[in-house]
Amino acid sequence: MKVCEIFTSIQGESRFAGLPCTFIRMSGCNLRCSYCDTKYACYEGEELSEKNIMNKVKNAGIHLVEVTGGEPLLQKGIGHLVKKLLDEGFDVLVETNGSLPIEEIDRRAIVILDIKTPGSGMSDKMDFSNIGYLKNTDEVKFVLTDKVDYEWTKDMITSHDLTKKCHLLLSPAYGVLDPRDLIQWMLEDRLHARLNLQLHKYIFGPHTRGK
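In every chain, residue numbers begin from 1 and rise along the written sequence. Local features in this predicted model are restricted to residues of pLDDT 70 or higher, and side-chain atom pairs are both shown and tallied only at a pLDDT of 80 or more, whereas totals for entire chains, interfaces and linings draw on every residue. By convention in this description, side-chain values take in all heavy atoms of the structure and omit both hydrogens and water.

Caption draft 1: Representation of the overall build of the protein chain within the structure. Each helix and strand in the protein chain was counted, giving 5 helices and 9 strands. Secondary structure counts use DSSP, requiring at least four H or I residues in a row for a helix and at least two E residues in a row for a strand, with both numbered from the N terminus. Each helix and strand of the protein chain, ordered N terminal to C terminal, gives the series β-β-β-α-β-α-β-β-β-α-β-α-β-α. Radius of gyration here is computed from C-alpha atoms only, and the compact-globule reference equals 2.2 Å multiplied by the residue count raised to the power 0.38. In terms of C-alpha radius of gyration, the protein chain reaches 16 Å, essentially the compact-globule figure of 17 Å for 211 residues. For the C-alpha atoms alone, the extent of the protein chain along its principal axes is close to 50 × 35 × 30 Å. The classification of residues rests on relative accessible area computed with a 1.4 Å probe and restricted to protein chains. Under 20% of the type maximum is buried, over 50% is exposed, and intermediate values are partly exposed. The buried share of the protein chain, reckoned over its 211 residues, is 51%.

Caption draft 2: Summary view of the nonpolar core. Counting 52 residues, the largest nonpolar core has Ile24, Leu85, Val92, Phe142 and Leu170 as the members making the most contacts within it. No other element matches the 5 residues that helix α2 (residues 78-87) contributes to this core. Contacts are assigned to residue pairs with any non-hydrogen atoms lying within 4.5 Å of each other. Setting aside residues no more than four positions away along its own chain, Leu170 makes contact with Phe142, Leu144, Tyr150, Thr153, Ile157, Leu182, Met186, Leu191, Ala193, Arg194, Leu195 and Asn196. Ranked by size, the runner-up nonpolar core spans 8 residues in total, among them Phe7, Phe23, Leu64 and Leu93. Among the buried residues, those of types Ala, Val, Leu, Ile, Met, Phe, Trp, Tyr and Cys that are joined through side-chain atoms within 4.5 Å form a nonpolar core.

Caption draft 3: Up close: helix α3 (residues 147-159). If you check α3, its first and last C-alpha atoms are 18 Å apart, about what 13 residues at 1.5 Å a residue would give, namely 18 Å. Buried within α3 are the following residues: Asp149, Tyr150, Thr153, Met156 and Ile157. Taken down its axis, α3 places every buried residue within 120 degrees of arc, on the same side. In α3, the exposed positions angled more than 90 degrees off the buried face are occupied by Val148, Asp155, Thr158 and Ser159. Where α3 is buried, its residues meet β7 (139-144), β8 (167-172) and α4 (179-189). For this analysis, a polar contact is any N or O atom pair within 3.5 Å, provided that within protein one partner can donate a hydrogen and the other can accept it, and provided that sequence-adjacent residues contribute only side-chain to side-chain pairs. The distance from a side-chain oxygen at the start of α3 to the backbone nitrogen of Val148 is 3.2 Å, and the residue carrying that oxygen is Asp146. Of the residues one or two after α3, Asp161 is the one with positive phi, at around 50 degrees. Here a helix's expected span is defined as the number of its residues, less one, multiplied by 1.5 Å. Directions drawn from the helix axis to the C-beta atoms are what define this arc.

Caption draft 4: Inspection of the layout of surface pockets at higher detail. Definitions used throughout: a 1 Å grid over protein atoms alone; a cavity as a set of points that fits a 1.4 Å probe which cannot get out; a pocket as an open set with protein on both sides within 12 Å along at least five of seven lines; a lining residue as one with an atom within 4 Å of a point. Grid points are joined across faces, edges and corners, and a volume is the space filled by probe spheres set on the points. Put simply, the largest pocket is a space of about 900 Å³. For the largest pocket, the lining is made up of 44 residues, of which Glu13, Arg25, Asp37, Thr38 and Gln198 are closest to its centre. Elements represented by at least two residues in the lining of the largest pocket include exactly β1 (2-10), β2 (20-26), β4 (64-68), β5 (91-96), β7, β8 and α5 (199-204). By residue number, the principal contributor to the lining of the largest pocket is β1, which donates 3 residues.

Caption draft 5: Spotlight on the packing of aromatic side chains. Each Phe, Tyr or Trp ring (for Trp, its six-membered ring) is paired with any other whose centre lies within 6.5 Å, and the angle between the two planes then decides the class: stacked below 30 degrees, edge-to-face above 60, tilted in between. The final tally for this structure, using the stated rule, is 3 aromatic pairs. Relative to Phe23, the ring of Phe7 has its centre 5.0 Å away and its plane inclined at 15 degrees; by these criteria the two rings are stacked. Residue Phe7 is found in strand β1, and its partner Phe23 is found in strand β2; the two are separated by 16 residues along the sequence. Note on accessibility: Phe7 and Phe23 belong to one class, buried. Centroid distance Tyr150 to Trp185: 5.4 Å. Interplanar angle 45 degrees. Geometry classified as tilted.

Caption draft 6: Representation of the pairing of β1 within the structure. Alignment of β1 against strand β3 (residues 46-47), held across 2 bridges, turns out to be antiparallel. Bridge pairing in β3 links Lys2 to Glu47. Here β1 pairs with β2 via 7 bridges, running antiparallel. When the sheet's bridge partners are listed, Val3 is paired in β2 with Met26. When DSSP finds two or more bridges between two strands, those strands count as paired.

Caption draft 7: Region of the structure containing the environment of Phe7. What makes Phe7 buried here is its relative accessible area of 11%. Each C-alpha atom, one on Phe7 and one on Tyr150, is 32 Å from the other, the two residues being 143 residues apart in sequence.

That is the geometry; function is a separate question.
See the structure below:
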């Protein structure tokens, strides 16, 4: 598998935000979102065996592991890696961009499904059949750039009854949408979702890698 980087930091997003976490960032992505903050993952990386990856994760000594990208589901063998991590007792998050099928991901893993809004320029690439495979432990993330994205997201939540299916994360695109505006809209609508700030960017800066 081609791996961009493996590092340990705090989890900056999701309902696990603030917890120590080891990240396995896979190389390659089939989307090009307008606000992408990991463009380097599209091109950088080295081939590592599953054994090498597992050794690095074990040596990190952190119970929570996130498999991310890029787009991790592009990598052959990623399903077996996730299963291996789970079998070894790790809690595993799999963050995926919503364009590829998730039904083969081990049901013990927590899927973070990043449904792309119109502002990303990639909303037409989504595989909405994935919603049918969500578990109540999974998370759906929407990254928003403006009020249009917010209204689109509200329609998605309602039309797919997402509040009853999974945890919902609304994330203001860093440096694009003021979090205060998103908070105001959420409170006005009494929206049952979690504000999802990227804590690592506020703590370490928006361009710091491996944090």
